[in-house]
Amino acid sequence: YLNPTGGKWEPAISVQLVSSAGGVGMFRESVSFHTPTPTTTRENALLMMRAFIVPEDLGTPAGAVTIRGSWNFQTPPGWDTVYTPIFNQVERPVVPMMVIRVETDWYAHETEFRYVLQAGEGMTLEHSLPIGQVFFVPREPVTLRQCTAAELESIEASRQEFHHQKGAVTQQTPYGLSYSPHYLRQSRAQKDSGGG
């Protein structure tokens, strides 16, 4: 899109991708110019499109579209990168995204967010809107085991104590709702004592 007058955005270039009959595999790329004088070449238009999406990933799984992030990451040894959708985004419609964990300590993996669209569904993207989140986690072995009877007893005792203390400081809002600030107070106390 172009905005030459500072008013309305006008389409300049569009790229149409057509998948094979099965929806996966080779596809056709066609470029359309919407201005009397094209502002770029067909090759540059395809490069611009590839700066935003990964066309080879279209349709795997069915309906998937892979959107490229602005930044790539290489982590310190032993750390991985997790690519996720925007947390706590509740505005409808919420398009599901596949979450992936990648070893980025030996390779600066390209940041990609793969959303899965239903038939007829679309996404609106703007330069000021986030398209995903990234966080980093240490690659540590995880060992699962059964709790001992003593550990289960301790867990249950701490749960009951927490609920008792939470109930002891429950407050009413002016609107008649009840809430307890116990968790917030306990969390801050842990941080202040260096235990959190």
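Here, the structure is the one placed above.
What you are looking at is a predicted structure, and each value in this text was computed from that prediction instead of being measured. (Residues numbered from 1 in each chain as written. Predicted model: local features only at pLDDT ≥ 70, side-chain atom pairs only at ≥ 80, totals over all residues. Heavy atoms only, no water.)

## Brief notes about the overall build of the protein
Secondary structure summary: the protein contains three helices and ten strands in total. Its C-alpha atoms give the protein a radius of gyration of 25 Å, more than 25% over the compact-globule value 16 Å for 196 residues. Looking at the protein residue by residue over its 196 residues, the buried ones come to 19%. Long-range contacts, defined as pairs at least 24 residues apart, comprise 49% of the intrachain contacts of the protein with a sequence gap of at least 6. When the accessible area of the protein is evaluated, it comes to approximately 14,700 Å², of which 57% is carbon and sulfur surface. Within the protein, one finds 15 positive and 19 negative side-chain charges whose respective centroids are separated by 4 Å. (Helix = DSSP H or I, 4+ residues; strand = E, 2+ residues; numbered from the N terminus. Rg over C-alpha atoms; globule rule 2.2 N^0.38 Å. Buried < 20%, exposed > 50% of the residue type's maximum accessible area, 1.4 Å probe, protein only. Contact = heavy atoms within 4.5 Å. Areas by Shrake-Rupley, 256 points an atom, 1.4 Å probe, with all protein chains shown as cover. Lys, Arg positive; Asp, Glu negative; His and termini not counted. Charge placed at Lys NZ, Arg CZ, Asp CG, Glu CD.)

## Here's the deal with the sheet that holds strand β4 (residues 79-84)
One open sheet holds the three strands; their spatial order is β6-β4-β8, and the pairing between them is antiparallel. Every other strand in the sheet has two partners, leaving β6 (100-103) and β8 (133-138) as the edge strands with one partner each. Pairs of neighbouring strands in the sheet enclose a mean axial angle of 30 degrees, with direction left out of account. The sheet contact formed by β4 and β6 spans four bridges and is antiparallel. Counterpart to tyrosine 83 in the pairing with β6 is isoleucine 100. (Pairing = 2+ DSSP bridges. Axes fitted to C-alpha atoms, helices over the stretch in contact; angles between N-to-C directions.)

## Looking at the sheet that holds strand β5 (residues 97-98)
The sheet built from three strands is open, its strands ordered β3-β7-β5 with antiparallel pairing. The sheet is open, and its two borders are formed by β3 (64-68) and β5, each paired with just one other strand. Taken together, the five bridges between β3 and strand β7 (residues 112-116) define a ladder with antiparallel strand orientation. Its bridge partner being in β7, isoleucine 67 is matched across the sheet by phenylalanine 113.

## Thoughts on helix α1 (residues 42-52)
Looking at α1, one finds that the buried residues are Ala45, Leu46 and Met49. For α1, the angular spread of buried residues about the axis comes to 95 degrees, placing them on one side. Summarising the geometry of α1, the exposed residues directed more than 90 degrees from the buried face are Glu43 and Leu47. (Arc of directions from axis to C-beta.)

## A closer look at the pattern of salt bridges
Summed over all chains, the structure comprises nine salt bridges. We note a salt bridge from aspartate 80 to arginine 101, for which the minimum N-O separation is 2.9 Å. Remark: arginine 101 occurs in strand β6 and aspartate 80 occurs in strand β4; sequence separation between them is 21 residues. Classification of aspartate 80 as buried rests on a relative accessible area of 4%. On the basis of relative accessible area, arginine 101 is assigned to the partly exposed category, the value being 47%. In this structure, the salt-bridge partner of arginine 139 is aspartate 80, at a minimum N-O distance of 2.6 Å. Of the two residues, arginine 139 is situated in the loop between β8 and α2 (149-168) and aspartate 80 in strand β4; the sequence distance between them amounts to 59 residues. Among the charged side chains, a network of salt bridges with common partners joins Asp80, Arg101, Glu103, Asp105 and Arg139. (Salt bridge = Lys/Arg side-chain N within 4 Å of Asp/Glu carboxyl O.)

## So, the side chain of histidine 182
Positionally, histidine 182 belongs in helix α3 (residues 182-192). Of note is the side chain of histidine 182, whose polar atom sits 3.2 Å from the side chain of glutamine 165. If sequence neighbours within four positions are ignored, histidine 182 has contacts with Phe162, Gln165, Lys166 and Val169. (Polar contact = N/O pair within 3.5 Å; in protein donor to acceptor, adjacent residues only side chain to side chain.)

## Topic: the packing of aromatic side chains
The full count for this structure, using the stated rule, is four aromatic pairs. Note on phenylalanine 73 and phenylalanine 136: the rings are 5.3 Å apart at their centroids and 70 degrees apart in plane angle, and the pair reads as edge-to-face. Of the two residues, phenylalanine 73 sits in the loop between β3 and β4 while phenylalanine 136 sits in strand β8, which places them 63 residues apart along the sequence. For phenylalanine 136, a relative accessible area of 38% gives the class partly exposed. Their ring planes at 35 degrees and their centres at 6.1 Å tell us that tryptophan 106 and tyrosine 107 sit as a pair that is tilted. The class for tryptophan 106 is exposed, based on a relative accessible area of 60%. (Phe/Tyr/Trp six-rings, centres within 6.5 Å; stacked < 30°, edge-to-face > 60°.)

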